[in-house]
Amino acid sequence: MTIHEKHISRCIQLAKNGLGSTYPNPLVGSVIVYNNQIIGEGWHYQAGEPHAEVNAIKSVKNKAVLKNATIYVSLEPCSHHGKTPPCSDLIIEKGIKKVVIGTIDTFSEVSGTGIQKLMNAGCDVTVGVLEKECLELNKRFFTFHNKKRPYIILKWAQTQDHFIAPETRKNRKPIWITNSHSRQLVHKWRSEEQAILVGNKTVIKDNPKLTTREWPGKNPIRIAIDISGKITEDSAILDNTTATIIITSEKFKKESFNNLTYEVIQTKEKIIEEICTILYRHEIQSVIIEGGTQTIQSFINENLWDEARVFEGNTTFNNGIKAPTLKGNLVSERKIMNDTIRIYKND
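Just so we're clear, the structure is a prediction, and the values are computed from it rather than from any experiment.

## Some thoughts on the environment of Ile-247
Residue position: Ile-247 is located in strand β10 (residues 244–248). Under the relative-accessibility criterion, Ile-247 is labelled buried at 0%. With 28 residues separating them along the chain, Ile-247 and Ile-275 place their C-alpha atoms 7.8 Å apart. Discounting chain neighbours no more than four positions away, the residues touching Ile-247 are Ile-223, Ala-224, Ile-225, Asp-226, Ile-227, Glu-263, Ile-265, Ile-275 and Ile-278.

## Some thoughts on the pairing of strand β6 (residues 151–158)
Burial of β6 is extensive: eight of the eight residues sit out of reach of the surface. Residues Tyr-151, Ile-153, Lys-155 and Ala-157 line one face of β6 and the alternating positions Ile-152, Leu-154, Trp-156 and Gln-158 line the opposite face, and both faces are buried. Pairing of β6 with strand β12 (residues 286–291) involves four bridges; the strand directions are parallel. Looking at β12, one finds that Ile-153 is bridged to Ile-288.

## Quick notes on the side chain of Gln-194
Looking at the secondary structure, you find Gln-194 in the loop between α7 (180–192) and β8 (195–199). Of the polar contacts made by the side chain of Gln-194, one reaches the backbone oxygen of Glu-283; its length is 3.3 Å. Non-local contacts of Gln-194, meaning those with residues more than four positions away in its chain, are made with Tyr-23, Pro-220, Ile-221, Glu-283, Ile-284, Gln-285 and Ser-286.

## Points about the UniProt feature "binding site: substrate" (unreviewed entry) in the protein
Sequence positions flagged by UniProt for "binding site: substrate" (unreviewed entry) are, in local numbering, Arg-190, Asp-206, Leu-210, Arg-213 and Glu-290. Mapped onto the secondary structure, Leu-210 falls in the loop between α8 (200–206) and β9 (221–225). Tracing the chain through its elements places Arg-213 in the loop between α8 and β9. Looking at Arg-213, the relative accessible area reads 47%, which means it is partly exposed. Residues contacting Arg-213, with those up to four places away along its chain left out, are His-187 and Arg-190.

## Concerning unusual backbone geometry
A cis amide bond links Tyr-23 to the next residue, Pro-24, at an omega of 5°. Position of Pro-24 relative to the elements: it lies in the loop between α1 (3–15) and β1 (29–34). Cis rather than trans, the peptide bond between Gly-291 and Gly-292 has omega equal to -10°. Along the chain, Gly-292 falls in the loop between β12 and α10 (293–301). In this structure, Asn-35 is a non-glycine residue whose phi angle is positive, near 55°. Of note, Asn-35 is situated in the loop between β1 and β2 (37–43). Relative accessible area serves as the criterion here: at 59%, Asn-35 is assigned to the exposed category.

## Focus: the side chain of Ser-249
Mapped onto the fold, Ser-249 is located in the loop between β10 and β11 (260–264). Taking the relative accessible area as the measure of exposure, Ser-249 reaches 15% and is therefore buried. Apart from the residues within four sequence positions on either side, Ser-249 is in contact with Asp-226, Ile-227 and Val-264.

Parameters at a glance
- Residues numbered from 1 in each chain as written.
- Predicted model: local features only at pLDDT ≥ 70, side-chain atom pairs only at ≥ 80, totals over all residues.
- Heavy atoms only, no water.
- Helix = DSSP H or I, 4+ residues; strand = E, 2+ residues; numbered from the N terminus.
- Buried < 20%, exposed > 50% of the residue type's maximum accessible area, 1.4 Å probe, protein only.
- Contact = heavy atoms within 4.5 Å.
- Pairing = 2+ DSSP bridges.
- Polar contact = N/O pair within 3.5 Å; in protein donor to acceptor, adjacent residues only side chain to side chain.
- UniProt positions renumbered as here; feature names shortened; annotations may be inferred.

Right under this line is the structure:
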């Protein structure tokens, strides 16, 4: 690993601290190096607050050395005025002449303009260090802006014989396939993504809360597909404790109030595409599709998914509701006690 790669790798590590709290902004980390030593670090904590470069510069004790330092940043510094001033202007103002950038920002309001501004000011700019890793870091942000839809994560738990639920059950409580450690990880994932989506069968059978109650962090926006209006008023997702969107038909639409919003599907032919459009309109950059099989399989069949996270528990049902099937690139596999987690990417 080169010196540049080492410092951009640290930027990526810092940026991940903001996962789940920077929406709608991207994840960004920055370090400042002087005489081969890191003298400043920062990342973007939350939307509306200072960006990574600002925090890194602020952390440098002796500002006089900035003119002879190098600033590393995982994403191209912004050049436009948003809720905060442009970071490229600050770098120029502080006299930092060497800038190393992980990847260009393809967002149209930036897209090379930050780099151009730095170069016009006489900065020595290097771009494309650990570019693949920096693009992966902001897969949600880039998917949202470039594909006009959220980054879609499929998630389910299946038995060793590939069932996600028994055929029948006595009550609305979930039947757990995985262990408590795996379930806690799912709640951590929920805190990192902007929304979570299920079909009405999951709501009716499991009555899930879809919150992060087993992990500290913000609850995702809850989304349920209920075209036929079968979700009852005693369902946990209608408790009005966190933002919830019900996607339904005109016939079953109700008045939106407080945390509850109703959105109407206009066509039956391309429901999944229209759902993605609705989520884009709500500025949702990432969503976990958590159930059930029919809902998940619908996204797979339309090839509208980016990542799948599949748990396999140490149990069998012998019969029941079959798990979804997909063809994807297996990128990782690991154990959580007696559970196996496999991560797939859509090629």
